[in-house]
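# Observations on chain architecture
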Protein chains: 2
Amino acid sequence: MNFLEERIVKEGSLKAGNILKVDCFLNHLVDADFSIRIVQEILSRYSGVSFTKVLTIEASGIALACLAAMQLHVPMLFAKKSASLNVDGDVCSSRCYSYTHKTENAVFVSAKYIQPHDKVLVIDDFLANGEALRALTDIVRQAGAQVAGCGIAIEKGFQGGGDMLRSRGYRVESVAIIDEMDADRHMIRFRGDNNTYSIGNRQK
Amino acid sequence: MNFLEERIVKEGSLKAGNILKVDCFLNHLVDADFSIRIVQEILSRYSGVSFTKVLTIEASGIALACLAAMQLHVPMLFAKKSASLNVDGDVCSSRCYSYTHKTENAVFVSAKYIQPHDKVLVIDDFLANGEALRALTDIVRQAGAQVAGCGIAIEKGFQGGGDMLRSRGYRVESVAIIDEMDADRHMIRFRGDNNTYSIGNRQK
């Protein structure tokens, strides 16, 4: 197990409905020092690749994306899910279904903030069915820019979104890929490791 | 003018309805290196104050809060605006009206992530009428923890939220406080500076 997989096993928990709860360090309470390790691992895999912008989607992707942008010294852009008085003018938009909130959202960015010359690193905390990442790559395509890579903390590999994106030619680097998990048996298995691990159910 | 006021004048724009648009560097496209300067300025004003946690509200506060947590080596917690499968159990919640989205939202955190011993730094990108900050301080109070300080990038002083919070005994440190702005005349004035400055209207 790598450092993220270890922490998932140690502090995460499973709930019915393919829910992995890691809100104690990743997407509600955020361990910033640990998030930097995640970002550094992603960026080390993209050694030699140049990026001009980091793109994510609100809300929980913002922490990792901001840290990645800081490391790369490039701007971070986050796609919004709801109309705002702060966004006007031309937008690039796509639609994505949120399995977490059970709603379909339009997601959009101001068109002027992605230019055709941009080489974009798309960042998110989770990748499951790939809806959010598909919407973000669609936005980059609309802008005529290039997705130079995707970086994810936790990919739920068994939900297929990551492999769907890879099959379309995108490079997707996920620090932890879960190929199997079972809430009833408190069991998790990561890609590249035939062992299964017991994961707590401490967070009721 | 300090570095943030200079950037507001140089790159911001005003719109009818007391809207200051700084989405080109602060709350849509985010200049991460510049955001670190904002965070460092806030933390320098709290020199000698110890914090155990950084609290903000999704979405645009997360970038600054994460960078502050990184500098302080403490966790960052962001309050959520909508129910999620990822948050369950006891919550601390409050309500706040968003003038940006023209909706009233319940905002909440998992109760287990703020403890009575916590000394909380509340961070947000904007402070106007103070609704979001009031809700966050209310959440901290419910948890029995202490608001050890509030740090804001841009306070719209003429909307009164900051001074309302100060009158209640909270320490609020804002890097830029706008005491007057006029979209028709493209004019802005900052607290502590009797000059008025011309602010562009380049972002249509």
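These lines cover the structure that appears in this document, whether it is placed above or below. Within any chain, residue numbers begin from 1 and follow the written order of that chain's sequence. Here chains are named by letter from A upward and ligands by number from 1 upward, in the order in which they appear as written. Per-residue local features are limited, in this predicted model, to residues with pLDDT of at least 70; the limit for side-chain atom pairs, both in listing and counting, is 80 or more; totals at the level of whole chains, interfaces and linings are taken over all residues. Side-chain calculation: all heavy atoms of the structure are included, whereas hydrogens and water are not.

The next thing to look at is the relation of the copies chain A and chain B. In this comparison the copies share one frame, found by least squares on the C-alpha atoms of residues holding pLDDT of at least 70 in both. The transformation that overlays chain A on chain B combines an axial shift of 0.0 Å with a rotation of 180 degrees, and the residual RMSD is 0.0 Å. Such a combination of turn and shift is consistent with a two-fold rotation axis. Of the C-alpha atoms belonging to chain A, the one lying closest to the rotation axis is found on A:Ala59, 2.5 Å away. When the interface residues of chain A are mapped onto chain B, 100% of them again fall at the interface, so both copies present the same face. Contacts were defined at the residue level, with two residues in contact if any of their heavy atoms lie within 4.5 Å.

Here the focus is the interface of chain A and chain B. Taken together, the 46 residues of chain A in the interface contact 47 residues of chain B. Put simply, buried area is the surface a 1.4 Å probe can reach on two separate parts but cannot reach once they are joined, added for both. Summed over both sides, the interface between chain A and chain B buries roughly 4,000 Å², with carbon and sulfur atoms accounting for 60% of that surface. Distance and chemistry together define a polar contact, namely a pair of N or O atoms within 3.5 Å, with one atom able to donate a hydrogen and the other to accept it when in protein, and with adjacent residues in sequence counting only for side-chain atoms on both sides. For the pair chain A and chain B, the interface holds 14 residue pairs in polar contact (both at pLDDT 80 or more). Labels follow the DSSP assignment, with helices taken as runs of H or I lasting at least four residues and strands as runs of E lasting at least two, numbered in each case from the N terminus. Elements with a contribution of two residues or more to the side of chain A that touches chain B: strand S2 (19-21), strand S3 (29-30), helix H2 (32-45), helix H3 (62-72), strand S5 (76-79) and strand S7 (103-110) of chain A. Throughout this entry, Asp, Glu, Lys and Arg are counted as charged residues, while Ala, Val, Leu, Ile, Met, Phe, Trp, Tyr, Cys and Pro are counted as nonpolar. The remaining residues, Gly among them, count as polar. Residue composition of the side of chain A that touches chain B, grouped by class: 25 nonpolar, 11 polar and 10 charged.

All names here are of chain A. Relative accessibility thresholds used throughout: buried, under 20% of the residue-type maximum; exposed, over 50%; partly exposed, between the two (1.4 Å probe, protein chains only). Those residues of helix H1 (residues 3-11) not exposed but buried are Phe3, Leu4, Glu5, Arg7, Ile8 and Val9. On its buried face, H1 sits against S2, H2, strand S9 (146-156), strand S10 (172-182), strand S11 (187-190) and strand S12 (197-198). Structurally, the start of H1 carries an N-cap: the backbone nitrogen of leucine 4 is 3.0 Å from a side-chain oxygen of asparagine 2.

Before going further, it helps to spend a moment on the sheet that holds S10(A). Strand order in the open sheet made by the eight strands is S12(A)-S11(A)-S10(A)-S9(A)-S8(A)-S4(A)-S5(A)-S3(B), with mixed pairing throughout. Whereas interior strands pair on both sides, the edge strands pair on one side only; in this sheet they are S12 of chain A together with strand S3 (29-30) of chain B. The pairing criterion is simple: DSSP has to find at least two bridges between the two strands. Bridge analysis of S9(A) against S10(A) gives six bridges, and the strand direction is parallel. From the neighbouring strand, A:Gly151 faces S10(A), where its bridge partner is A:Glu173. Helix axes are fitted only over the stretch in contact, all axes being lines through C-alpha atoms; the angle between N-to-C directions runs from 0 to 180 degrees. Along the sheet, H1(A) contacts S9, S10, S11 and S12 of chain A; its crossing angle with S10(A), the most-contacted strand, is approximately 30 degrees.

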